[in-house]
Amino acid sequence: MIRLFLKNNRDGFVALMSTVIISAILLAFMFSSGVSSFNARFDALEGEYKRVAVELAESCVNEALLWLGQNYNYAGNETVSMGTDSQDRAQTCVIKSIIPAPPRTATSTMVTITTQGIYVDTYSDLQTEALVYNPTISVSMPPPLPPNISIISWQETTSTPP
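Residues numbered from 1 in each chain as written. Predicted model: local features only at pLDDT ≥ 70, side-chain atom pairs only at ≥ 80, totals over all residues. Heavy atoms only, no water.

### Describing the sheet that holds strand S2 (residues 90-99)
With antiparallel pairing, the five strands of this open sheet are ordered in space as S1-S2-S3-S4-S5. Since the sheet does not close on itself, it has two edges, and those belong to strand S1 (78-84) and strand S5 (149-157), each with one partner. Across the sheet, the mean angle separating the axes of adjacent strands is 20° when strand polarity is ignored. By the bridge criterion, twelve bridges tie strand S3 (residues 108-119) to strand S4 (residues 122-133) in an arrangement that is antiparallel. The residue of S4 that forms the bridge with Val111 is Ala130. (Pairing = 2+ DSSP bridges. Helix = DSSP H or I, 4+ residues; strand = E, 2+ residues; numbered from the N terminus. Axes fitted to C-alpha atoms, helices over the stretch in contact; angles between N-to-C directions.)

See the structure below:
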C-alpha cells in the first residue's frame, strides 16, 4: 500500500509541472502579442504625424507660390506658423529656398521651391519646380491665368531635421 501512495504522488507532480509549463508558454505568447499591439499603435501614430507634416510642407509650397504670384522677386527663407492643433502642438513649415535667388529680370523663370513641414518631431521635405511669369512684363502670348504660375513637378525629398 505504501508503494501505491508514492506512485500516485509522482503522477500528480508531473501533471502539476505540465500545467505550469503550458501556462508559462501561454503567458509568454500573450505578453508578446500585447507588446506588438502596443508598438503597432505608435507606428500608426507616427504615420499620422508624417501625414500632417507632408500637408504642412504642401501648405508652404502654396504659400511660396502665392507670394511669387504677387511678388516676382520673393526670396523665401522664412518660417510660417500654421497655428496649433487641438492639443496645442505647433504646426509650422519652412520655405527653405527659392532658386534662382532674386533679382529675377526675365519674362519668366523656372524656380525650384524647397519647403519643410514640421509636426511633433516629424519632418517632411518637398521640392517643387514651377514656371513663374513676371506679372509686370506683358508678353505676346498670354501666360496662364493669375497668379501666372505653371507647376512642373512636385515631389517629396529626403527629410532632414532643421
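### A closer look at the nonpolar core
The biggest cluster of nonpolar side chains holds 23 residues, and the ones touching the most others in it are Leu68, Ile95, Ile98, Val111 and Ile113. For this core, the secondary structure elements donating two or more residues are helix H1 (2-70), S2, S3 and S4. The element contributing the most residues to this core is H1, with ten residues. (Core = buried A, V, L, I, M, F, W, Y, C linked by side-chain atoms within 4.5 Å. Buried < 20%, exposed > 50% of the residue type's maximum accessible area, 1.4 Å probe, protein only.)

### Comments concerning the packing of aromatic side chains
Tallying each qualifying case throughout the model produces two aromatic pairs. Ring geometry for Tyr49 versus Tyr119: centroids 5.5 Å apart, planes at 75°, classification edge-to-face. Of this pair, Tyr49 sits in helix H1 while Tyr119 sits in strand S3, and the two are 70 residues apart along the sequence. The exposure class of Tyr49 is buried, given its relative accessible area of 9%. We classify Tyr119 as buried; its relative accessible area is 5%. Judged by centre distance (5.9 Å) and plane angle (20°), the rings of Trp67 and Tyr74 are stacked. For Trp67, a relative accessible area of 36% corresponds to the partly exposed category. Overall, Tyr74 belongs to the buried group, its relative accessible area being 10%. (Phe/Tyr/Trp six-rings, centres within 6.5 Å; stacked < 30°, edge-to-face > 60°.)

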